[in-house]
Amino acid sequence: MIDLRSDTVTLPSEEMREAMARAVVGDDVYGEDPTVNELERVSAEIIGKEAALFVPTGTMGNQIAILTHTLRGDEIIVDELSHIALYEVGAASMFAGVQLRTIPNLLEGDTVEKLYGAYRESNIHAPRCRLLCLENTFNIGSGTVMPLKDMRLVYKAARGLSLFVHLDGARIFNASIALGCDVKELTENCDSVMFCLSKGLGAPVGSILAGSKEFINAARKYRKAMGGGMRQVGVLAAAGLIALKMAERLSVDHDNARLLAQHLSSVDGLKVDLSRVQTNILLADISGLNMDAGSFVGKLSKAGVKAVPVSSRVARFVTHKEVTKDHIIQASTIIKNLVSHILTP
Ligand code: TLP
């Protein structure tokens with residue numbers, strides 16, 4: 001089985017398992033777990049922020065950021081296809097009590113103009129607009145990358161409107177590798193950033209939220225309130241410290257996604273926009289097969305390749321560290337054969 005559903009399916013390496021077994025631990029709610037403290041220190045340094053907080057998941061990291069930046073009844077601006085809008089179970093309204101202003105294609109160019117269009121002054125009718133959330137890379141955009149120049153312009157515009165900017169950087173290292181820049185150049189254009197250790201970097205669990213010391217002090221309290229105060233969690237932080245050294249290998253995943261995209265773009269019945277395959281995510285439009293993407297990925301799974309449907313006509317394939325170039329060639333053949341079988345039964 002070649003599993004291309006997500007880069008979340010990676011398994012911890014032997015090195016990680018050994019580090020987890022040997023980790024020196026303490027009670028992190030008392031701030032006494034040396035391995036967590038080290039992970040937070042190194043993460044802050046790498047990501048270029050004053051302080052960092054270890055959280056169990058990317059979702060919790062994003063939600064704590066929203067809670068910390070806003071008050072109940074505030075409005076936050078997000079892309080309508082962002083993870084925060086689509087895949088976090090409505091948590092921003094559930095916990096922070098904010099209203100999501102979802103903007104179509106916010107992250108797909110002309111972001112500054114779209115931000116100006118969406119922003120409104122607080123008045124008797126309008127809530128206080130407080131936060132802009134970016135996502136780089138943009139998952140449902142096909143893992144597309146927002147260039148550094150755009151990040152700078154957007155941050156400047158948002159600060160001009162007195163908005164905070166939170167970056168959902170679940171895959172921020174994919175972005176920095178694709179852009180060939182230091183990750184700090186991206187994160188200097190936001191007030192807070194969340195990145196995942198458990199995606200392409202291969203840790204079994206964990207994400208990091210980073211920002212100013214003041215922001216992280218407040219965030220730490222919200223993490224506790226959300227039930228995310230963990231105890232001898234250095235056993236997980238130990239894997240995270242190894243994950244932080246894995247960013248360089250993401251270029252292999254990008255090459256593999258590109259290779260898969262090249263194979264699939266020549267298959268009749270599938271549409272793949274090669275220009276959008278910039279990192280490790282590929283979206284294939286299967287409208288030409290006259291079938292629902294859910295049924296397509298069901299058949300594909302029986303044939304030996306796993307993918308996920310992201311809408312009724314789009315399937316998503318994600319490359320990651322368990323997938324080699326040979327797997328990609330095999331997967332391409334399996335997909336081609338299935339598509340030709342569907343078109344000429
Ligand atoms: N994304 C997962 C699914 O939830 C869709 C995936 O397979 O891609 N931000 C972004 C941009 C993400 O892609 C994800 C996970 C998260 C946040 C949340 O991370 P977790 O799953 O750790 O809560």
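Residues numbered from 1 in each chain as written. Predicted model: local features only at pLDDT ≥ 70, side-chain atom pairs only at ≥ 80, totals over all residues. Heavy atoms only, no water.

Let us look at the side chain of Asp 7. Tracing the backbone through its elements, the reader meets Asp 7 in the loop between strand 1 (2-3) and helix 1 (14-22). A relative accessible area of 0% means that Asp 7 is categorised as buried. Here Arg 171 takes part through its side chain, which lies 2.8 Å from a polar atom of the side chain of Asp 7. In this structure the side chain of Asp 7 is engaged in a polar contact, spanning 2.9 Å, whose partner is the side chain of Asn 280. (Helix = DSSP H or I, 4+ residues; strand = E, 2+ residues; numbered from the N terminus. Buried < 20%, exposed > 50% of the residue type's maximum accessible area, 1.4 Å probe, protein only. Polar contact = N/O pair within 3.5 Å; in protein donor to acceptor, adjacent residues only side chain to side chain.)

Note on helix geometry: an α-helix contains 3.6 residues per turn, so any two residues three or four positions apart are oriented the same way. Among the residues of helix 8 (residues 172-179), those classed as buried are Ile 172, Phe 173, Asn 174, Ala 175 and Ser 176. Structurally, helix 8 contributes buried residues whose contacts are with helix 2 (34-47), strand 6 (164-168), helix 9 (183-187), strand 7 (192-196) and helix 12 (250-265). Two residues or fewer after helix 8 comes Gly 180, characterised by a positive phi angle close to 65 degrees. (Contact = heavy atoms within 4.5 Å.)

Another point: the sheet that holds strand 11 (residues 308-309). The three strands are arranged 9-12-11 in an open sheet whose pairing can be described as antiparallel. Of all the strands in the sheet, the pair left with one neighbour each is strand 9 (281-285) and strand 11. On top of the sheet, helix 12 reaches strand 9 and strand 12 (314-318); it is set at about 15 degrees to strand 9, its chief contact. On the sheet, helix 13 (residues 293-303) packs against strand 11 and strand 12 and is oriented at approximately 45 degrees with respect to strand 12. (Pairing = 2+ DSSP bridges. Axes fitted to C-alpha atoms, helices over the stretch in contact; angles between N-to-C directions.)

Another aspect to go through is the site of the ligand. Near the ligand, the surroundings consist of 15 residues, among which Ser 6, Gly 58, Thr 59, Asp 168 and Arg 171 are the closest. Asn 139 is positioned such that a nitrogen or oxygen atom in its side chain is 2.9 Å from an oxygen atom of the ligand. The contact in question runs from an oxygen atom of the ligand to an N or O atom on the side chain of Lys 199, over 3.1 Å. When the free accessible area of the ligand is taken as 510 Å², the share hidden by the protein chains comes to 82%. With three residues, helix 3 (residues 58-69) is the largest single contributor of residues to the shell around the ligand. When grouped by side-chain class, the residues that make up the shell around the ligand number two nonpolar, seven polar and six charged. (Near = heavy atom within 4 Å. Areas by Shrake-Rupley, 256 points an atom, 1.4 Å probe, with all protein chains shown as cover. Nonpolar A, V, L, I, M, F, W, Y, C, P; charged D, E, K, R; others polar.)

Another aspect to go through is the pairing of strand 9. The buried fraction of strand 9 amounts to five of the five residues, a majority that puts the element mostly inside the structure. Neither face of strand 9 is open: one carries Ile 281, Leu 283 and Asp 285, the other Leu 282 and Ala 284, and all of them are buried. As defined by bridge partners, strand 9 adjoins strand 12 across five bridges and the pair is classed as antiparallel. Paired with Ala 284 across the bridge in strand 12 is Ala 315.

This brings us to the pattern of salt bridges. Two side chains that carry opposite charge are able to pair once their charged atoms sit near each other. Using the criterion set out here, one finds 16 salt bridges in the structure. The salt bridge involving Arg 223 is made with Asp 28; its shortest N-O contact spans 3.3 Å. Of this pair, Arg 223 sits in helix 10 (residues 213-225) while Asp 28 sits in the loop between helix 1 and helix 2, placing them 195 residues apart in sequence. Classification of Arg 223 as buried rests on a relative accessible area of 3%. Between Arg 313 and Asp 285 there is a salt bridge, with its nearest N and O atoms 2.5 Å apart. Taken together, the residues Arg 313 in the loop between strand 11 and strand 12 and Asp 285 in strand 9 connect sequence positions 28 residues apart. (Salt bridge = Lys/Arg side-chain N within 4 Å of Asp/Glu carboxyl O.)

Attention now moves to the sheet that holds strand 6. Strand order across the open sheet formed by seven strands is 2-8-7-6-5-3-4, with mixed pairing between neighbours. One side of each edge strand has no neighbouring strand; the edge strands of this open sheet are strand 2 (51-55) and strand 4 (99-103). Averaged over all pairs of adjacent strands, the angle between strand axes in this sheet comes to 20 degrees, irrespective of strand direction. Inspection of the sheet shows strand 3 (residues 75-79) paired to strand 5 (residues 129-135) by three bridges, in the parallel sense. Looking at the pairing, Glu 75 lines up with Cys 129 of strand 5. On the sheet, helix 3 packs against strand 2, strand 3, strand 5, strand 6, strand 7 and strand 8 (207-211) and is oriented at approximately 170 degrees with respect to strand 7.

Glycine aside, residues mostly have negative phi, and peptide bonds are mostly found in the trans state. In this structure, the amide linkage connecting Asn 136 to the following residue, Thr 137, adopts the cis form with an omega of 5 degrees. As for its placement among the helices and strands, Thr 137 is situated in the loop between strand 5 and helix 7 (148-160). For Asp 110, which is not a glycine, the phi torsion comes out positive at approximately 50 degrees. Relative to the elements of secondary structure, Asp 110 occurs in the loop between strand 4 and helix 6 (111-118). For Asp 110, a relative accessible area of 53% translates into the label exposed. The residue Ser 162 is not glycine, and still its phi comes out positive at about 60 degrees. Of note, Ser 162 is situated in the loop between helix 7 and strand 6.

It is worth spelling out the domain arrangement of the chain at this point. Taken as a whole, the chain is organised into domain 1 (11-245) and domain 2 (248-343). The straight-line distance from the C-alpha centre of domain 1 to that of domain 2 is 28 Å. Taken together, the contact between domain 1 and domain 2 spans 20 residues of the former and 16 residues of the latter. For the pair domain 1 and domain 2, the summed buried area comes to about 1,600 Å², and 53% of that belongs to carbon and sulfur atoms. A per-residue breakdown of the area domain 1 buries against domain 2 is headed by Ser 142, Asn 174 and Ile 177, which together make up 34% of the total. Scanning the region where domain 1 abuts domain 2 turns up one salt bridge. For the pair domain 1 and domain 2, the number of links is 10 residue pairs in polar contact (both at pLDDT 80 or more). Here the residues of the side of domain 1 that touches domain 2 are counted per class, giving eight nonpolar, 10 polar and two charged. (Domains from an automatic or database assignment. Buried area = accessible area lost by both parts, 1.4 Å probe.)

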